[in-house]
Amino acid sequence: MGLAMALNLQRHLSATNAPPLRIYNRTASRGQSLVEAGSIQSPSISDLITTVDICFICVSDDQAATTIIGSMLGIDTKTETEAAITSIDLQGKIIVDTSTVHPDISSWVQRELTARGASFVAAPVFGATPVALEGRLLFVVAGGDEAVRAIEPFLVGVMARKVLRVGEDVSKATMMKTAGNFLTAGLLELVAESLVFAEKTGIGNEALQALIEEQYGPLPFAMSKRMLNGHYLPKKGDRPWSDLNLALKDVGLGVDCAEKAGTRLPVAELVLKHLGEARLYREGKDRALDSSSLFGVLRENAGLAFETDVVKRRDREEQ
């Protein structure tokens, strides 16, 4: 996801004759395609931050996000003590986090960065990797007006198809993303169940897909294609569109936020169960799983194989 977003940023900067994108990744080799596209690899976060005015962050979880912010602040986030490094001069910097993190993390980051003279924008995104590659992500943005205006030229038409603004309280953006992730997970469950139902009853997947497309719209239709085309179980060595472990994290975040608000998300709890069973399937197998891999679990629960005929045929051809 972050790589796709960065590639679109670099292409935009090249097209507008702007200075090249500065990048940093913990695994430097992962940024090679960006360097080939014209980006400049920074050896450290501190080197990166001192050379830019706006920094976009895209990481996988709360710990990675707090570690990066902590390195900017000179704080060891594991022990909450001063780290061995010196904090970076953040005065006037704009830090934009596109990651999916707990709303409490976003609030903490905003407080800490504001105290150092920086601005923070929470901008979690909706869309799988193919959508990111097309520059058609949906951004949910919260933060100060001036900072949001500064990043707008890099959103719609570059990385985003649209931006939803939800005010200045950054926790609202990450809470909105949490709600959206729950809706997405619930749809994945419904689509997967309906596909298994169609196969077991003899309706047939082609007929059901036509119904989904005509009656329920592009998102559930895209989900059904994702499952029936075999993307729920990627080829060995391929990266999933949306990683199973991230789905477990994101759906679990929704359950946690609901509990703290005094309610429940029973559908999310069911999705977590099926995602957890999918992770058990992966044990001992040298392949990643997509968040839609709950389709395989539901197939097994119905007496079918985890792998569809499409997946089996594809894997045979790869051998």
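Everything quoted here is computed from the prediction, not taken from an experiment.

The rules behind the values
- Residues numbered from 1 in each chain as written.
- Predicted model: local features only at pLDDT ≥ 70, side-chain atom pairs only at ≥ 80, totals over all residues.
- Heavy atoms only, no water.
- Pairing = 2+ DSSP bridges.
- Helix = DSSP H or I, 4+ residues; strand = E, 2+ residues; numbered from the N terminus.
- Core = buried A, V, L, I, M, F, W, Y, C linked by side-chain atoms within 4.5 Å.
- Buried < 20%, exposed > 50% of the residue type's maximum accessible area, 1.4 Å probe, protein only.
- Contact = heavy atoms within 4.5 Å.
- Phe/Tyr/Trp six-rings, centres within 6.5 Å; stacked < 30°, edge-to-face > 60°.
- Lys NZ or Arg CZ within 6 Å of the ring centre and 35° of its normal.
- Salt bridge = Lys/Arg side-chain N within 4 Å of Asp/Glu carboxyl O.

### Some remarks on the pairing of strand β10 (residues 160–165)
Successive side chains on a regular strand alternate, one facing one side of the sheet and the next facing the other.
Next up, step 1: Two strands pair when backbone bridges link them, and strand β9 (residues 137–143) and β10 are joined in this way by 5 bridges, in the parallel orientation. The residue bridging Leu-137 from the neighbouring strand is Ala-160, located in β10.

### Some points on the nonpolar core
Next up, step 1: Counting residues in each nonpolar core, the largest one holds 34 residues, and the members touching the most others are Leu-195, Met-227, Leu-233, Leu-275 and Phe-295.
Next up, step 2: Broken down by secondary-structure element, the contributors of at least two residues to this core are α8 (170–201), α9 (205–216), α10 (218–228), α11 (244–260), α12 (266–282) and α13 (294–301).
Next up, step 3: Excluding residues that lie within four positions of it along the chain, Leu-233 makes contacts with Tyr-281, Arg-287, Leu-289, Phe-306, Glu-307, Val-311 and Arg-314.
Next up, step 4: Membership of the second largest hydrophobic core comes to 29 residues, among which are Ile-57, Phe-126, Val-140 and Ala-173.

### So, the packing of aromatic side chains
Next up, step 1: Overall, the coordinates contain 3 aromatic pairs when judged by the stated rule.
Next up, step 2: Taken together, the ring pairs in this structure connect Tyr-232, Tyr-281, Phe-295 and Phe-306 into an aromatic cluster.
Next up, step 3: Positioned above the aromatic ring of Phe-126, the side-chain terminus of Lys-177 is 5.3 Å from the ring centre.
Next up, step 4: Its guanidinium or amino end placed over the ring of Tyr-281, Lys-285 lies 4.2 Å from that ring's centre, counting from NZ or CZ.

### Some thoughts on the pattern of salt bridges
Next up, step 1: With the rule as written, the count across this model stands at 10 salt bridges.
Next up, step 2: Here Glu-199 ties to Arg-299 by a salt bridge, and the two come within 2.8 Å at their closest N and O atoms. Remark: Arg-299 occurs in helix α13 and Glu-199 occurs in helix α8; sequence separation between them is 100 residues.
Next up, step 3: What makes Glu-199 partly exposed here is its relative accessible area of 35%.
Next up, step 4: Taken together, the shared-partner salt bridges connect Arg-287, Arg-314 and Asp-315 into one network.

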